[in-house]
Amino acid sequence: MQIAILDRQGLIEYTNSAWHAFAIENGYQGGMFKGTNYAELCLNVEGVEKDQAKSFAVGLKEVLAGLTNKFEQV
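What counts, and where the lines are drawn
- Residues numbered from 1 in each chain as written.
- Predicted model: local features only at pLDDT ≥ 70, side-chain atom pairs only at ≥ 80, totals over all residues.
- Heavy atoms only, no water.
- Helix = DSSP H or I, 4+ residues; strand = E, 2+ residues; numbered from the N terminus.
- Buried < 20%, exposed > 50% of the residue type's maximum accessible area, 1.4 Å probe, protein only.
- Contact = heavy atoms within 4.5 Å.
- Areas by Shrake-Rupley, 256 points an atom, 1.4 Å probe, with all protein chains shown as cover.
- Polar contact = N/O pair within 3.5 Å; in protein donor to acceptor, adjacent residues only side chain to side chain.
- Pairing = 2+ DSSP bridges.
- Core = buried A, V, L, I, M, F, W, Y, C linked by side-chain atoms within 4.5 Å.

J.: Help me get a handle on the overall build of the protein chain, residues and values and all.
T.: When helices and strands are tallied, the protein chain shows three helices and two strands. Helices and strands appear in the protein chain in the N-to-C order β-β-α-α-α. Burial status across the protein chain gives 24% buried among its 74 residues. Put simply, 21% of the contacts in the protein chain that link residues at least 6 apart link residues at least 24 apart. Counting only carbon and sulfur atoms, one obtains 53% of the accessible surface of the protein chain, whose full area is about 5300 Å².

J.: Go over the environment of D7, please, and point to the residues and values.
T.: You can see D7 is positioned in the loop between β1 (4–6) and β2 (12–15). Between the C-alpha atoms of D7 and Y38, which are 31 residues apart in sequence, the distance is 9.9 Å. Residues contacting D7, with those up to four places away along its chain left out, are E13 and L64. Only 2.9 Å separates the side chain of D7 from the backbone nitrogen of L11, close enough to count as a polar contact.

J.: Lay out the pairing of β2 with the relevant residues and their values.
T.: Across three bridges, the pairing between β1 and β2 is antiparallel. Bridge assignment links I5 to a residue of β2, and that residue is Y14. Counted along the chain from β1 to the antiparallel partner β2, the turn is five residues long, and its residue G10 has a positive phi close to 90 degrees.

J.: Tell me what's going on with the nonpolar core, and back it up with residues and numbers.
T.: As a rule of thumb, nonpolar side chains are buried together in soluble globular proteins. Listed in full, the twelve residues of the largest apolar core are I12, W19, A23, Y28, F33, Y38, A39, L41, C42, A53, A57 and L60. Counting only elements with at least two residues in this core, the list comes to α1 (17–25), α2 (38–44) and α3 (50–64). At four residues, α2 tops the list of elements feeding residues into this core.

J.: Explain the environment of Q73 to me, and be specific about the residues and the numbers.
T.: Turning to its location among the elements, Q73 is positioned in the segment after α3. The partly exposed category is assigned to Q73, whose relative accessible area is 32%. Counting along the chain gives 14 residues from Q73 to G59, while the straight-line C-alpha distance between them is 8.6 Å. Setting aside residues up to four positions removed in sequence, Q73 forms contacts with Q52, S55 and F56.

This is a description of form; function is not addressed.
Now the structure itself:
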């Protein structure tokens, strides 16, 4: 299971090894994720559907802004 913990601004605080491996397998070339904006990272990873990434970024921002309690993308 891939896990990323974010702060209230959407910056990555922690990723587990499964999340890190998934990001690398999907074209992200950076090695350090801490402090990276999660939504922007999703939009810039090669091989990720741009519409899906945009949808995720919107959902994430709504949760972080307190507009909704949860967001799920399957």
